[in-house]
Amino acid sequence: MLIGIEIVYLVGVLVGLLAIDGGLAARIGLALAWPLGPIAFLATVAGLLVVAAIAFPFFGVALAAAIVAAWWALR
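Remember, it's a predicted structure, so these values are computed and weren't measured experimentally.

1. Here we look at the overall build of the protein chain
Line of reasoning, step 1. Assigned secondary structure in the protein chain consists of 4 helices and 0 strands.
Line of reasoning, step 2. Taking 2.2 N^0.38 as the reference for a compact globule, 75 residues should give roughly 11 Å; the C-alpha atoms of the protein chain span a radius of gyration of 19 Å, well beyond that estimate.
Line of reasoning, step 3. Overall size of the protein chain, expressed as C-alpha extent along the three principal axes, is 50 × 35 × 15 Å.
Line of reasoning, step 4. By the burial criterion, 8% of the 75 residues in the protein chain qualify as buried.
Line of reasoning, step 5. Surface exposure of the protein chain reaches about 6,000 Å², of which carbon and sulfur atoms provide 84%.

2. Side note on the packing of helix α1 (residues 4–18) against helix α2 (residues 24–33)
Line of reasoning, step 1. Relative to each other, α1 and α2 sit at 160 degrees, their axes nearing to 8 Å. What the angle tells us is that α1 and α2 run roughly antiparallel. Regarding α1 and α2, the two cross each other, and that crossing is right-handed. Counted together, Tyr-9, Val-13, Gly-16, Leu-17 and Leu-18 of α1 and Arg-27, Ile-28, Ala-31 and Leu-32 of α2 form the full contact between these two elements.
Line of reasoning, step 2. Here the residues of the contact of α1 with α2 sort into 7 nonpolar, 1 polar and 1 charged.

3. What to know about the packing of aromatic side chains
Line of reasoning, step 1. Summed over all chains, the structure comprises 1 aromatic pair.
Line of reasoning, step 2. Sitting above the plane of the Trp-72 ring, Arg-75 keeps its charged end 4.0 Å from the centroid.

4. What to know about a nonpolar patch on the surface
Line of reasoning, step 1. A contiguous nonpolar patch, built from Leu-14, Leu-17, Leu-18, Leu-24, Ile-28 and Leu-32 and spanning about 610 Å² of accessible area, is present on the exposed surface.
Line of reasoning, step 2. Those elements giving two or more residues to the nonpolar patch turn out to be α1 and α2.
Line of reasoning, step 3. Structurally, Ile-28 can be placed in helix α2.

5. Some details on the environment of Pro-35
Line of reasoning, step 1. Along the polypeptide, Pro-35 turns up in the loop between α2 and α3 (36–55).
Line of reasoning, step 2. Here the alpha-carbon distance between Pro-35 and Gly-12, two residues 23 residues apart in the chain, equals 8.4 Å.

6. What to know about the packing of α3 against helix α4 (residues 57–74)
Line of reasoning, step 1. Two numbers describe how α3 lies on α4: the axes approach to 5 Å, and their chain directions differ by 125 degrees. Classified by the interaxial angle, the pair formed by α3 and α4 is oblique. Together, Leu-49, Ala-52, Ala-53, Ile-54 and Ala-55 of α3 and Pro-57, Phe-59, Gly-60 and Leu-63 of α4 make up the contact between the two elements.

7. Overview of the confidence of the model for the protein chain
Line of reasoning, step 1. With 97% of its residues at a pLDDT of at least 70, the protein chain reaches an overall mean of 86.
Line of reasoning, step 2. When mean pLDDT is taken per element in the protein chain, α4 scores highest with 93 and α1 scores lowest with 82.

Conventions adopted
Along every chain, residues carry numbers that run from 1 in the direction the sequence is written. Predicted model: local features are reported for residues with pLDDT of at least 70 only, side-chain atom pairs are reported and counted for 80 or more only, and whole-chain, interface and lining totals are derived from all residues. Derived side-chain values reflect all non-hydrogen atoms in the structure, with water molecules and hydrogen atoms excluded from consideration. The way it works is that DSSP assigns letters per residue, a run of H or I at least four long becomes a helix, a run of E at least two long becomes a strand, and they are numbered from the N terminus. Our radius of gyration is a C-alpha quantity, and the globule rule it is checked against amounts to 2.2 Å times the number of residues to the power 0.38. Burial here depends on accessible area, computed with a 1.4 Å probe over protein chains only, as a share of the maximum for the residue type. Under 20% is buried, over 50% is exposed, and the range in between is partly exposed. Methods summary: accessible areas were calculated by the Shrake-Rupley approach with a probe of 1.4 Å, and residue burial reflects only the protein chains presented. Every angle, taken between N-to-C directions, lies between 0 and 180 degrees, and every axis is a line fitted to C-alpha atoms, over only the stretch in contact when it is a helix. Roughly parallel covers angles under 35 degrees, roughly antiparallel covers those over 145, roughly perpendicular covers 65 to 115, and oblique covers all other angles. Crossings are sorted by hand: turned counterclockwise from the far helix by less than a right angle, the near helix makes the crossing left-handed, and turned clockwise it makes it right-handed. Contacts: residue pairs with any heavy atoms within 4.5 Å of one another. Side-chain classes follow a simple rule in which Ala, Val, Leu, Ile, Met, Phe, Trp, Tyr, Cys and Pro form the nonpolar group, Asp, Glu, Lys and Arg form the charged group, and the remainder, Gly included, forms the polar group. Side-chain rings of Phe, Tyr and Trp (the six-membered ring for Trp) are treated as a pair once their centres are within 6.5 Å; stacked means planes under 30 degrees apart, edge-to-face means over 60, and tilted covers the remaining angles. A ring is scored as having a charge over it whenever the NZ atom of a lysine or the CZ atom of an arginine sits within 6 Å of its centre and within 35 degrees of its normal. The patches reported here contain residues having more than 30% relative accessible area and no salt bridge. Joining distances are 9 Å for like charges and 5 Å for nonpolar side chains (Val, Leu, Ile, Met, Phe, Trp, Tyr). Think of a salt bridge as a Lys or Arg side-chain nitrogen and an Asp or Glu carboxyl oxygen that are within 4 Å of each other. Per-residue confidence from the predictor is reported as pLDDT, a score between 0 and 100.

Listed below in structure tokens is the structure:
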């Protein structure tokens, strides 16, 4: 039985195959690669947080405190 994330992926593949106005290769490529968008977004946000923590020390301290608090709450 498929779980939630697999169903979301399969729906994305179907949308990519059926709703794209392009050739077969473009449809297949987009249908298989569409999850890279959210991954790229998360990598960009993580990079911006690291740069902000270095450029603005007060933000870095607040970010470190938030990470420690989250770790403490989840352990």
